[in-house]
Amino acid sequence: MAHNETRTGDGRSRRINGEERLALIKELVTGYSEGQSIRALATSVNRSYGFVHRALSEAGVKLRKRGGRRTQAAT
């Protein structure tokens, strides 16, 4: 995910809103629906886990259960 710098000079995340926020949320929804974790998405856009979780929830995304994907053992 390529995203513009979202840090202020003192290292904190700057506020985003309007069109920029909508574009970021769309990017997050796409990544999450492709199987990326919330934590991976947060790292890729320099935002906190909480920000990404909240953004996905506000966008109406049904969040996956915790623990990642389970694979079945070969029988």
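Residues numbered from 1 in each chain as written. Predicted model: local features only at pLDDT ≥ 70, side-chain atom pairs only at ≥ 80, totals over all residues. Heavy atoms only, no water.

Undergrad: So what's going on with unusual backbone geometry? Residues and values would help.
TA: Residue Asn 46 is not a glycine yet carries a positive backbone phi of 55°. Structurally, Asn 46 is set in the loop between α2 (38-44) and α3 (49-58). (Helix = DSSP H or I, 4+ residues; strand = E, 2+ residues; numbered from the N terminus.)

Undergrad: Describe the pattern of salt bridges, naming the residues involved and giving the relevant values.
TA: Summed over all chains, the structure comprises two salt bridges. For Glu 58, the salt bridge goes to Arg 21, with nearest N and O atoms at 3.3 Å. On the criterion of sequence distance, the pair formed by Glu 58 in helix α3 and Arg 21 in helix α1 (residues 18-33) is long-range, its members being 37 residues apart. (Salt bridge = Lys/Arg side-chain N within 4 Å of Asp/Glu carboxyl O.)

Undergrad: Describe α3, with residues and values.
TA: For an α-helix, the turn length of 3.6 residues means that residues three or four places apart are oriented alike. Three or more residues of α3 are buried, namely Phe 51, Val 52, Ala 55 and Leu 56. Angularly, the buried residues of α3 cover 125° about the axis, an arc narrow enough to put them on a single face. Looking at the buried side of α3, the elements it contacts are α1 and α2. Gly 60 sits one or two residues past α3 and shows a positive phi near 85°. (Buried < 20%, exposed > 50% of the residue type's maximum accessible area, 1.4 Å probe, protein only. Arc of directions from axis to C-beta. Contact = heavy atoms within 4.5 Å.)

Undergrad: Before we move on, can you summarise the nonpolar core with the specific residues and values?
TA: Of all hydrophobic cores here, the largest spans 13 residues; its most connected members are Leu 24, Leu 28, Phe 51, Val 52 and Leu 56. If you list the elements that add at least two residues to this core, you get α1, α2 and α3. (Core = buried A, V, L, I, M, F, W, Y, C linked by side-chain atoms within 4.5 Å.)

Undergrad: Lay out the packing of α1 against α3 in plain terms, naming residues and giving numbers.
TA: Where α1 contacts α3, the axes come no closer than 10 Å and their chain directions differ by 90°. Accordingly, the angle class assigned to the pair α1 and α3 is roughly perpendicular. Listed contacts from α3 to Arg 21, Leu 24, Ile 25, Leu 28, Val 29 and Tyr 32 of α1 are Phe 51, Val 52, Ala 55, Leu 56 and Glu 58. (Axes fitted to C-alpha atoms, helices over the stretch in contact; angles between N-to-C directions. Parallel < 35°, antiparallel > 145°, perpendicular 65-115°, else oblique.)

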